[in-house]
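# Structural characterization, general
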Amino acid sequence: MADITHTPPLTLLDRLDEAAIASAAPSQAELMRELRIKGRPGWTSKLPPSLAAFVTNPKGMTGVIVLLGLILFALLGPVFSEYNPQRRAGKPHVAPGYEHVMGTTRMGKDVYTQLAYGGRMSLAVGFGAGLAAALIGLAVGISAGYFGGRIDDVLTFLVNVVLVLPGLPLIIVIASLVDSAGPLVIGIVLALTGWGWPARTIRTQTMSLRTREFILAAELMGEKKWRIILKEIFPNMLSFFMGGLVLGTIAAILAEAALSFIGLGDSNAVTWGTMLYWAQNNMALQVGAWWEIWPPAIAIMLTGAALVMINFAVDEITNPQLKASRKIGRIRRFLARRGRSADVF
Amino acid sequence: MIYILRRVAFYLAAFFVAVTLNFFIPRIMPGDPSARIIASFQGRLNDAQVEAIRASYGTTGSLWEQYIGYVGQVLRMDFGISTVQFPEPTSSLLFYGATWTLVLVGIAITLAFLIGTMMGIHAAWNRGGFFDSVFTPINVMLNAFTPAVVALLLFYAFSLQLQWFPLGRAHSTGLVPSWDPQFIGNVLYHATLPVLSILIVSFGGWHLGMRNVMINLLNEDFVILARAKGLSDRRIRYRYVARNAILPQITSLALSVGFLLGGALVTEQVFNYPGLGKFTVTAIESRDYSFIQAQLLLLTMSALVANLLSDIANVILDPRLRKG
């Protein structure tokens, strides 16, 4: 007997409908709410894409805010202090209180005033050296990657030598030959020894960019070489440049602190590193004067942490897979709630 | 093999750059070491004495003769006589300190690399999960903390307050260095806190590096193929992804050796550990130039050897390099 209740085979469209009904298709807004994804605010659409990606990155913006706070403190902090960072302002090792917000050092110098002035010096050395190293790296990296050939051979050799030679011992040699290695000397030496990494990254990126169509088009149009480098290649290197700048600054601030701490720096200069040096020399912890050691220590740690946050954001811009991975956890849990296999990534 | 030979040639060239820098830096600086010493006698020296001081610092004759003399000295590992521990030759002090630094930094680097890399593998495999979103930022921030502060705090808490660990030295006085378990245990006991303070500030870098490289590899076709073949997660994680991701890690490990050996001086200073850094700080304070220069050459050599080892490891781990 023939089957009378014959149903026509399902078409592809029917199946899609069925799937949609089965999952009770939530609207896009509902999905975004459940996944806790926010759309980008409208005002970011006017910014260049990489900048827009940065300002919407929570980690990056936290870092920027903390860093701006530290810079503001270093710039404006001394205004609220009547003391001179180099002169004694009270009795030795006064505990924090009304007269001295952060207490005084063994020498009776005001810790708050030293912290603010030292911040100017430490941040200036850190950012100055980081910026200089990133700029040298940018120039060397783009030239090596774009011109290739003999120029590339020579520059790559230099980059590899700078990478392989240990920087800190070299700085020690130079700093020990200068009578008192002030912050400026330390900054210059740090800049001259720290450009290897950014140069290497930017060279690799430039080499992959050089073969792309828009560079070829610019070359065929007869654009000058420096113009191609500035207008076509440089904008694409911005985020790598930023990465080099951030990492270079961290390295420079840490190295300055380390060199001052072991007594290589000019011990009369006021930086966070020399504050630690004096605190260690005066046995601040042993005599219970924690306020001599914690303020510079926390300031250096905060600066490092803020720069690391910014670097996370820069990493996510230069490497989109890292950004995607941030949301994968949520998507997996979302799929698991709906009874779907989460084994798709 | 040709690849390794090319690398060896590069390292020899890099070494000569270091030797040349070491030769020229004191000579372009205002007032070279011998001029300083002569000046410190304020004209109370006769010509023969001045000449003798110049000769002992190798600043007689033309620049070219000085350079050849210097290179010859370096090749013979003759770094002159220490002015601090007179009349001990610099090289014997140097190698004594280097041994202890090697113990310290060797243990610390190995532990930091293993812990960081394992954490990075874990974070990348469960990316976006709890471990990754909490510990990745924390570990990397630890990486940006000053070694000085971490070392000081550990020293204060565990050596001074709780007195669980000794106040300094590499081993108890009265013990004669040997390979018996008691001595090794004593050395490890003395090295615990210094190693810990280097470890705390360095494993975050390996964590982040491994995680970032691995996340990129996890989306590659060969991983999907491995999955389609039904291989176990464990096998894919270690044999397929981690094995590839560890190549750049090994390269940066080698590049960081020179930096870490130099950076140990803060730790050695705080814990009063008789390593290269401690001697270097003493040398800086007493302006012992021959020691300061010799430590740069020794650290450069160690960095170059570490890089050579990493090249060999890369060739073993990565078959693609064996053809070139």
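As a starting point, this report considers the structure included with it. Going along each chain's sequence as written, the residues are numbered from 1 onward. As a convention, the first chain written is A and the first ligand written is 1, with the rest following in written order. Restriction of local features to residues with pLDDT of at least 70 applies here, the model being predicted, together with a cutoff of 80 or more for giving and counting side-chain atom pairs; totals for whole chains, interfaces and linings are based on all residues. Derived side-chain values reflect all non-hydrogen atoms in the structure, with water molecules and hydrogen atoms excluded from consideration.

What follows covers the overall build of chain A. What chain A contains, in helices and strands, is 14 helices and 0 strands. Helix numbering and strand numbering both begin at the N terminus, where a helix is a DSSP run of H or I of at least 4 residues and a strand a DSSP run of E of at least 2. Starting at the N terminus and ending at the C terminus, chain A contains elements arranged as α-α-α-α-α-α-α-α-α-α-α-α-α-α. Here the term buried applies to any residue with accessible area under 20% of the maximum for its type, exposed to any over 50%, and partly exposed to those in between, with areas from a 1.4 Å probe on protein chains only. Relative to its 345 residues, chain A shows a buried fraction of 46%. Contacts between residues were defined by any pair of non-hydrogen atoms, one from each residue, lying within 4.5 Å. Within chain A, contacts between residues at least 6 apart in sequence are counted, and of these 68% link residues at least 24 apart. Per-residue accessibility takes into account occlusion by the displayed protein chains alone, with areas from the Shrake-Rupley method and a 1.4 Å probe. Element-wise, carbon and sulfur atoms account for 65% of the exposed surface of chain A, whose accessible area totals about 18000 Å².

We now examine the environment of Ile68 of chain B. Turning to its location among the elements, Ile68 of chain B is positioned in helix H4 (residues 63–75). Spatially, the C-alpha atoms of Ile68 of chain B and Leu154 of chain B are 47 Å apart, while their sequence positions differ by 86 residues.

Next up on the list: a nonpolar patch on the surface. Residue and element names in this part refer to chain A. Patches here: salt-bridge-free residues with over 30% relative accessible area, like charges joined within 9 Å, nonpolar side chains (Val, Leu, Ile, Met, Phe, Trp, Tyr) joined within 5 Å. Think of a salt bridge as a Lys or Arg side-chain nitrogen and an Asp or Glu carboxyl oxygen that are within 4 Å of each other. A cluster of nonpolar side chains, Val66, Trp290, Trp294, Ile298 and Leu302, forms an exposed patch at the surface whose accessible area comes to about 430 Å². At 4 residues, the largest contribution of residues to the nonpolar patch is made by helix H13 (residues 290–318). By secondary structure assignment, the location of Trp294 is in helix H13.

On to the environment of Gln249 of chain B, then. All names here are of chain B. Checked against the element boundaries, Gln249 lands in helix H10 (residues 233–271). Along the backbone, Gln249 and Gly209 are 40 residues apart, and their C-alpha atoms lie at a distance of 6.9 Å. Setting aside residues up to four positions removed in sequence, Gln249 forms contacts with Phe113, Thr117, Trp206, Gly209 and Met210.

Opposite charge on two side chains permits them to pair, given that their charged atoms come into close proximity. Overall, the coordinates contain 5 salt bridges over all chains when judged by the stated rule. Among the ionic pairs, Glu223 of chain A bridges to Arg227 of chain A, the shortest N-O distance being 3.1 Å. The class for Arg227 of chain A is partly exposed, based on a relative accessible area of 35%. With its nearest N and O atoms 3.1 Å apart, the salt bridge here joins Asp311 of chain B to Arg7 of chain B.

Bringing the interface of chain A and chain B into the picture now. Contact with chain A, which involves 52 residues of that partner, is made by 62 residues of chain B. Accessible-area loss on putting two parts together, using a 1.4 Å probe and summing over both, is the definition of buried area adopted here. Three residues stand out in chain A for area buried against chain B, namely Val164, Leu177 and Ile262 of chain A, and they jointly supply 13% of the buried area on that side. Polar contact criterion, stated in full: a pair of N or O atoms within 3.5 Å, where within protein one must be able to donate a hydrogen and the other to accept it, and residues adjacent in sequence count only if both atoms are side-chain atoms. Taken together, chain A and chain B are joined by 1 residue pair in polar contact (both at pLDDT 80 or more). Mapped onto the side of chain A that touches chain B, the elements with two or more residues apiece are helix H6 (149–164), helix H7 (167–177), helix H9 (196–210), helix H11 (225–261), helix H12 (272–281), H13 and helix H14 (320–337) of chain A. Among the elements that take part in the side of chain A that touches chain B, H13 of chain A stands out by supplying 11 residues, more than any other. Each residue is assigned to one class: nonpolar for Ala, Val, Leu, Ile, Met, Phe, Trp, Tyr, Cys and Pro, charged for Asp, Glu, Lys and Arg, and polar for all the others, Gly among them. Class assignment for the residues of the side of chain A that touches chain B results in 36 nonpolar, 9 polar and 7 charged.

With that settled, the discussion passes to the packing of aromatic side chains. By convention, a stacked pair of Phe, Tyr or Trp rings (six-membered ring in the case of Trp) has centres within 6.5 Å and planes under 30 degrees apart, an edge-to-face pair has planes over 60 apart, and any other such pair is tilted. Taken as a whole and assessed by the stated rule, the structure comprises 15 aromatic pairs over all chains. Between Phe157 of chain A and Phe10 of chain B the ring centres are 5.6 Å apart and the planes differ by 85°, which places this aromatic pair in the edge-to-face class. Pair noted here: Phe157 of chain A is in helix H6 and Phe10 of chain B is in helix H1 (residues 2–28), and the two residues belong to different chains. Lying over the aromatic face of Phe312 of chain A, Lys59 of chain A brings its terminal NZ or CZ to 4.8 Å of the ring centre. Remark: a charge is flagged as sitting over a ring if the NZ atom of Lys or the CZ atom of Arg is within 6 Å of the ring centre and within 35 degrees of the ring normal.

Before going further, it helps to examine a positive patch on the surface. Residues and elements named next belong to chain B. Think of it this way: Lys and Arg go in the positive column, Asp and Glu in the negative one, and His and the chain ends go nowhere. The location of each charge is read from NZ of Lys, CZ of Arg, CG of Asp or CD of Glu. Together, Lys229, Arg235, Arg239, Arg243 and Arg322 give the surface a local cluster of positive charge. Considering each element in turn, the positive patch owes the most residues, 3 residues, to H10. Note that Arg235 resides in helix H10. With a relative accessible area of 38%, Arg235 lands in the partly exposed category.

Our focus in this paragraph is the environment of Leu297 of chain B. Residues and elements named next belong to chain B. Within the secondary structure, Leu297 sits in helix H12 (residues 289–317). Given the relative accessible area of 0%, Leu297 is considered buried. Along the chain, Leu297 and Asn314 lie 17 residues apart, while their C-alpha atoms are 25 Å from each other. Every residue in contact with Leu297, bar those within four places of it in the chain, is listed here: Phe15, Ala18, Val19, Asn22, Tyr70, Val74 and Phe79.

Across the 11 residues of H7 of chain A, 11 count as buried, placing the element largely inside the fold. Within H7 of chain A, the full set of buried residues consists of Gly167, Leu168, Pro169, Leu170, Ile171, Ile172, Val173, Ile174, Ala175, Ser176 and Leu177 of chain A.

Residue and element names in this part refer to chain B. If you check the backbone angles, Asn272 has positive phi at about 55° while not being a glycine. Mapped onto the elements of the fold, Asn272 is located in the loop between H10 and helix H11 (276–285). Under the relative-accessibility criterion, Asn272 is labelled partly exposed at 40%.

On their own, these measurements won't tell you what the molecule is for.
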